[in-house]
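So you can see what is in the structure, the chains are spelled out below.
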Amino acid sequence: MQLNSNYCIIEPIKEADFIRKIKTLKNGFRFNKYPLGEVDEKAFSVDFDDTAWREVSVPHDWGIEGDFAPDNDPTFAQIVQDGMTEPVTHPGRTGALPILGEGVYRTWVEVENTEKVVLELDGVMQESTVYVNGKKAGEGHYGYFSYEVDITDYVNKGKNLIVVHAVVKPQSSRWYPGAGLYRNIRLIEKPKAHITYNGVWVRQTYADNKTAIFEISVDSVGAKGFKAKITDPKGAVTELSADADKLLYVIEAPILWDVDAPNLYEAEISIDSGDSVTVTFGPRKIEFTKEGFFLNGRYLKLNGICMHHDMGSIGAAVNLSALSRQLDIMQDMGVNAVRTSHNPPAPELLELCDKRGLLVIDEFFDEWLDPKVKNGYAANFEKYAVADLESVIRRDRNHPSVIMWSIGNEIGEQLTENGWKVARMLTDAVHNTDPSRPTTAGFDRYPECFDSKIVFCVDVVGLNYKPHTYKAVKEKYPDLLIYGSETASCISTRGVYKLPAEIDISLKTNPDLTVSDYGLRAPHWAYYAEREWAYQKDCPFVMGEFIWTGFDYLGEPTPHYTQWPSRSSYFGAVDMAGIPKNRFYGYRAVWTDKPTLHIFPHWNWEGMEGEKVPVHVYTNFDEVELFINGISQGKRRHLAEGLEPQEQVERFRLIWNDTVYTPGEVTAVAYRNGIEAERKTIRTAGKPHHIELSAYHTEIAADGEALNFVTAAIVDKDGNLCPLANNRLTFTARGSATVYTTDAGDQRETETFLRPDKKAHAGMLVCCVKNNGNKGEAVVSCSGDGLILAEIKFDSI
């Protein structure tokens, strides 16, 4: 026996008599969908014959499996924030996919030890009930919240029937929610004396580069004390034990977690019965000050995105490959923070953010007592709100990536006399559960949110779409901590251009339901990206911004609220297929030091020869000279300052307004310190000739779940992208992968994602292929009428 520097007894952890057994339930589910109110309750029973039902794997989103249609959950509503004066019908507000109904999932599981058996459900959309061997065992009241069901009294040793019944009601969301068992479900067998659900907390009480102090607490049943085996990022192991439910753990010279160095420690916690839980954590110092945000003593702007939970063509069913790809693309853009708008995320997202060095605002609610939709969370708020936020905090509190808890977004109570009391109640509940992190919320009603005093009931104030108020707020409330919790909401369709290329802040719609990718359009409450960049640069005390949104997402097709077939958003810097729009490169130029030189628009303007077509460039080089067919169009530098609209734009993008369209090539030559540093050329494409394929990964896991994303580009005989091509392309796959979904990022497409064929948009189409459980080579082919077929290979290992 020996003592460590914390005066805790160090003992070897004895070999367990009964190891906790965790089984993630993936395959072997039988599934059937019923219309609302028509579920056959016999389907919950043991003797029900489900052989006619189809087999699905979980996570599963039944909504993504159908075609888009205007009668799939249309919303009749007046969106006050959008300036509507009366209700209108929105056919695409929740994505126009067949989410409504009741789904029943049945699977048989083997249970070996019945001392303590639980199910952990990470999320079932929207309302759910769990049955075990025909008996009701538990329920979940809202799809974004994880929950545990104790099924000890319902299971037998041997085979047991698990049934999950999910119900999705109309008008339950403002965007696409998904449907069914869309997050993971686990069966856990553990000893009678056990660690409770999310019962381990490695709570940081202090950290700097010299010392980090953690209080490790363990909530258990039938046990006294615990042992901790802690492994640092370099593999060094420390073993501790405590005879109570807490111990103090001091790290000298800690290896800090940071956005550039996401160092993680691992704590394996065990009790005498043999039950054990492993969590990861990371020491880091977060400071919210009136001068800005600081991480580990270093000033850091939050370059953030707001992110809904759908993953494009695969819908809401959580998948690590899809989440990883989304975060890859965002980090390439310069993102260092994510706001989980507007509900708690899948646990997998936070695990990835921990590993990648991404900061997170973990958001609880989109509405409180004042409902935004007919069947949203408001009906649950009074009964469940505090318990729900406490549950989320217990689940997510060990993640070093989480820096704030958001108690709400654009809450209606901003305008009420007593709304501040609700905010105060929620903030107090957060502080009582986790005093180590501040609360925040996104406020969009200015100055009403200040007049009602609700902003003073959170620790850090998020302002939605109010960059012009930053200086005034700072002058009036010099100690207030503020950031842009939702910014920009610039709208566009990738690869589509309309003239004139001018700033247009309105809800004007276009007959073809597209929005120009010049990136100068926004609804009346919002603005082009450069407006926020200007105020962020001029206001260093503002902690940063979270753009709406990183990706296009299903639902909310602003400004085409009522026009069919518009069914997904235009807000993303990246389209729903994962292909960047132009402003992606603007953010990268502003947020990173990566050499960026991006020319737009394309140079295929049929019938426009001799007409003026403005050329824009996003860059972080000092100066750019533009050439058309070898003739200089002049040099440009960014404006140094200015807050007039056009000045804001030209502080961050270079514009040649008088360029005349002549087929050929456009070249941008970038200079740094007067020396040529880089050049880029775009060319007028000829007729579509063949297909070029690129795969996101050269190898994927042979686990039956891993995805790869194959992008098809339609090019001319010289390999130039044909930006106007919309040929129908067909994908096939053989070997270790199968075609899963296709998507071109077109907000107007109505064919199901599950088709292997689809029309390209702006010359491109993305196919998501899925490992089929086999190892070895996968071969993906793509063909189209009049085009030379293409093939690409990768490995499943």
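Given the structure is predicted, the values throughout are model-derived calculations rather than measurements.

1. Some points on the sheet that holds strand β35 (residues 597-600)
Working step 1: Strand order in the open sheet formed by three strands is β35-β36-β39, with antiparallel pairing between adjacent strands. Both outer strands of the open sheet, β35 and β39 (654-656), are each paired with one neighbouring strand and no more. Neighbouring strand axes in the sheet, compared pairwise and without regard to direction, differ in orientation by 15 degrees on average.
Working step 2: Sheet topology places β35 next to strand β36 (residues 615-619); four bridges connect them, and they run antiparallel. Paired with I599 across the strands is V617, a residue of β36.

2. Topic: the packing of aromatic side chains
Working step 1: Tallying each qualifying case throughout the model produces 39 aromatic pairs.
Working step 2: A centroid spacing of 6.3 Å and a plane angle of 90 degrees characterise the contact between Y377 and F381, whose relative ring orientation is edge-to-face. For the pair shown, Y377 and F381 are each scored as buried.
Working step 3: Over the ring of Y696 we find R325; its NZ or CZ atom is 5.8 Å from the centre of that ring.
Working step 4: In this structure, R531 is placed above the aromatic ring of Y527, and the distance from its NZ or CZ to the ring centre is 5.9 Å.

3. Here's the deal with unusual backbone geometry
Working step 1: Here the bond from V58 into P59 is cis, since omega is 5 degrees, no more than 30 degrees from zero.
Working step 2: Positionally, P59 belongs in the loop between β5 (54-56) and β6 (75-77).
Working step 3: Between W548 and T549 the backbone carries a cis peptide bond, its omega angle lying at -5 degrees.
Working step 4: Within the secondary structure, T549 is located in the loop between β34 (544-548) and α8 (582-591).
Working step 5: Of note in the backbone geometry, N296 takes a positive phi value of approximately 55 degrees without being a glycine.
Working step 6: Mapped onto the elements of the fold, N296 is located in the loop between β23 (292-295) and β24 (298-299).
Working step 7: The phi dihedral of Y465 is positive, around 60 degrees, even though this residue is not glycine.
Working step 8: Here Y465 is to be found in the loop between β30 (460-464) and α6 (470-476).
Working step 9: When its relative accessible area of 5% is taken as the criterion, Y465 is described as buried.

So, how was this worked out
Residues numbered from 1 in each chain as written. Predicted model: local features only at pLDDT ≥ 70, side-chain atom pairs only at ≥ 80, totals over all residues. Heavy atoms only, no water. Pairing = 2+ DSSP bridges. Helix = DSSP H or I, 4+ residues; strand = E, 2+ residues; numbered from the N terminus. Axes fitted to C-alpha atoms, helices over the stretch in contact; angles between N-to-C directions. Phe/Tyr/Trp six-rings, centres within 6.5 Å; stacked < 30°, edge-to-face > 60°. Buried < 20%, exposed > 50% of the residue type's maximum accessible area, 1.4 Å probe, protein only. Lys NZ or Arg CZ within 6 Å of the ring centre and 35° of its normal.

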